[in-house]
Amino acid sequence: MEKWQYQMQNQINTIDKLVEIINITDAEREAIITTNTKWGTTPYFAQLMDRDNPDCPIRKQVIPSLKEKENRYGIDNYLVYKENRSTVEKRPDTIARQYHDRIAFTVMHICANYCRHCFRKELVVDESLQLRFDIDEGLDWIRDHAEIRDVLITGGDPLLLPDEKIAYLVNKLREIPHIEIIRFGSRVPIVLPQRITKDLLKALGGFHKVPIWLNTQCNHAKEITEHTAKAVYDLLTCGVNVGNQAVLLKGINDDRESFKTLHQKLLTIRVRPYYVFYCEPAPGIDHFRTPVEKGAELIRDALRGHTTGLAQPMYVVATNMGKIPLMPDYYIQDKNSDSYTLRNYRGCVTTLPNIPR
Ligand code: SF4
């Protein structure tokens, strides 16, 4: 058995397995028993949890919380609303569309880690949203829509499909003349780096005019290990570009130190920070959500000017109308017909001559 399949077949998803790894608290035990939710992670990722500290950033992403029962701000049927699934355009279940030229292609609902903050909870955790994962039907729809140039393959985690299915999907997409890039959204490099096998690389890799971009989700520097670094290196050397889409999570990465360290450490394993997402208003995840401004403040106070420009993600709020970037609004302090007054990350002010329009 391949190591990654062993990891999946031996997911840590019962209290008995969990207590072999960490000392669980009474609250964690009660949450697991009473929230009646799908949860679990790979033995690999579970080993990264702090044995005694319930505030461990990995532990909070893995173990259900009693706070999931609270839902003051979450939007019911969030995924249907967010992905415009009830619009007039008729699309297969696998196709979600918010833009003219690109779509999300949802190919499965299984994950290696059932992230407690997931906005796709309805599909992957609660399973209240059941989709028909007919890949050929999705491919036909894409083939019929010549305006689609960019396909994001998502899930669940699409890299948990068998190698042959991934190869089929990639090859079929590459045969469609209007497809220019293929993207994967996958937490596998972080929660199951063993999945980046030679056979998978064969399915994804090699030079092709339709490149593959993989965006993973790493939310805290503690999630990065030498196994992650190797998996990323293998992806890059076979021609797959790797970026990160972190989620801003209260109590996990919403302090300056964690935020900066995460983005700096990503660069050390060759991952380019791409987005930081505001934690979306799905039901039962209020406890992970910060005020909207927080992400822009962190970029201003922890990244911009404080570290290399390569470590700067774009902070975005993903909405039902697409992503809305929110960047720190502190540069232009004043302007008149002669000059701009600008402020840098240290709060120092300088001026720049204005150019008439
Ligand atoms: S891996 Fe992605 S889809 Fe799966 S639970 Fe985590 S955030 Fe949700």
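About the criteria used
Residues numbered from 1 in each chain as written. Predicted model: local features only at pLDDT ≥ 70, side-chain atom pairs only at ≥ 80, totals over all residues. Near = placed C-beta within 6 Å. Nonpolar A, V, L, I, M, F, W, Y, C, P; charged D, E, K, R; others polar. Buried ≥ 20, exposed ≤ 12 C-beta atoms within 10 Å, placed from the backbone. Helix = DSSP H or I, 4+ residues; strand = E, 2+ residues; numbered from the N terminus. Pairing = 2+ DSSP bridges. Right-handed = clockwise from strand over helix to strand, strands pointing away. Axes fitted to C-alpha atoms, helices over the stretch in contact; angles between N-to-C directions. Parallel < 35°, antiparallel > 145°, perpendicular 65-115°, else oblique. Contact = placed C-beta atoms within 7 Å. Domains from an automatic or database assignment. Expected span 1.5 Å × (residues − 1). Arc of directions from axis to C-beta.

1. Looking at the site of the ligand
Piece 1. Lining the immediate environment of the ligand, one finds C111, N113, Y114, C115, C118, R120, V124, G155, G156, D157 and R187.
Piece 2. For the shell around the ligand, the class distribution of residues is five nonpolar, three polar and three charged.

2. Topic: the pairing of strand 5 (residues 212-216)
Piece 1. Counting buried positions along strand 5 yields four of five residues, so the element is predominantly enclosed.
Piece 2. Bridging between strand 5 and strand 6 (residues 240-247) involves five bridges; their strand directions are parallel. Bridging across to strand 6, W213 finds its partner in N241.
Piece 3. Between strand 5 and its parallel partner strand 6, the chain crosses via helix 12 (residues 226-237), and the hand of that crossover is right-handed.

3. Side note on the sheet that holds strand 5
Piece 1. In space, the nine strands of this open sheet follow the order 1-2-3-4-5-6-7-8-9, with mixed pairing throughout. Looking at which strands have only one partner, the edges of the open sheet turn out to be strand 1 (95-97) and strand 9 (322-325). Here the average twist between neighbouring strands, direction ignored, is 30 degrees.
Piece 2. For strand 8 (residues 314-319) and strand 9, the ladder comprises four bridges, and the chain directions are antiparallel. In the strand pairing of strand 9, V316 is matched with P325.

4. Section: the packing of helix 13 (residues 256-268) against helix 14 (residues 294-303)
Piece 1. Two elements in contact, helix 13 and helix 14, have axes separated by 9 Å at closest approach and are oriented at 75 degrees. Here helix 13 lies roughly perpendicular to helix 14, going by the angle between them. Contact residues: helix 13 offers R256, F259, K260 and H263, while helix 14 offers L298, D301, A302 and L303.

5. Notes on the domain arrangement of the chain
Piece 1. Examined at the domain level, the chain breaks down into domain 1 (3-326) and domain 2 (331-357).
Piece 2. Once you take the C-alpha centre of each, domain 1 and domain 2 turn out to be 39 Å apart.

6. Brief notes about the environment of L249
Piece 1. The topology assignment puts L249 in the loop between strand 6 and helix 13.
Piece 2. Residues L249 and I332 lie 83 residues apart in sequence; the distance between their C-alpha atoms is 29 Å.
Piece 3. When near neighbours in sequence (up to four residues on either side) are disregarded, L249 contacts H117, N219, D254, C279 and F288.

7. Considerations on the sheet that holds strand 12 (residues 349-353)
Piece 1. Overall, antiparallel pairing links the three strands, which are arranged 10-11-12 in an open sheet. Looking along the sheet, the strands with just one partner apiece sit at the ends: strand 10 (332-335) and strand 12. In this sheet, neighbouring strand axes are inclined to one another by 25 degrees on average, regardless of whether the strands run parallel or antiparallel.
Piece 2. In this structure, strand 11 (residues 339-343) lies alongside strand 12, joined through five bridges in antiparallel fashion. What sits directly across from L342, in strand 12, is T350.

8. Structural notes on unusual backbone geometry
Piece 1. Here the amide bond leading from G155 into G156 is cis, since omega sits at 20 degrees, within 30 degrees of zero.
Piece 2. By secondary structure assignment, the location of G156 is in the loop between strand 3 (150-154) and helix 9 (163-175).
Piece 3. Residue N36 is not a glycine yet carries a positive backbone phi of 50 degrees.
Piece 4. With respect to the helices and strands, the residue N36 is situated in the loop between helix 3 (26-34) and helix 4 (43-46).
Piece 5. Of note, the phi angle at N77 is positive, near 50 degrees, even though the residue is not glycine.
Piece 6. Structurally, the position occupied by N77 is in the loop between helix 5 (57-62) and helix 6 (78-82).

9. Some remarks on helix 13
Piece 1. Here helix 13 contains 13 residues, and its C-alpha end-to-end distance of 19 Å stays within 8% of the 18 Å for a straight helix at 1.5 Å per residue.
Piece 2. Listed as buried for helix 13 are S258, F259, L262, H263 and L266. Angular distribution of buried residues about the axis of helix 13 spans 125 degrees; they occupy a single face of the element. Facing away from the buried side of helix 13 by more than 90 degrees, the exposed set consists of E257 and T268.
Piece 3. Those residues of helix 13 that are buried lie in contact with strand 6, strand 7 (272-277) and helix 14.
Piece 4. Taken from the residues just after helix 13, R270 is the one with a positive phi, measuring 75 degrees.

10. Examining the environment of R187
Piece 1. Residue position: R187 is located in the loop between strand 4 (181-185) and helix 10 (188-191).
Piece 2. R187 sits 60 residues away from V247 along the chain, and the two C-alpha atoms are 12 Å apart.
Piece 3. Here R187 is in contact with A112, N113, D157, T216 and Q217, once residues within four sequence places are set aside.

11. Section: helix 12
Piece 1. The end-to-end C-alpha distance of helix 12, which contains twelve residues, comes to 16 Å, matching closely the 16 Å that a straight helix rising 1.5 Å per residue would cover.
Piece 2. Among the residues of helix 12, T228, A231, V232 and L235 are the ones counted as buried. All buried residues of helix 12 fall inside an arc of 95 degrees around its axis, so they share one side. Pointing more than 90 degrees away from the buried face of helix 12 are the exposed residues E226 and T237.
Piece 3. In the core, the buried residues of helix 12 are packed alongside helix 10, strand 5 and strand 6.
Piece 4. Backbone geometry just downstream of helix 12 places G239 in the positive-phi region, at approximately 100 degrees.

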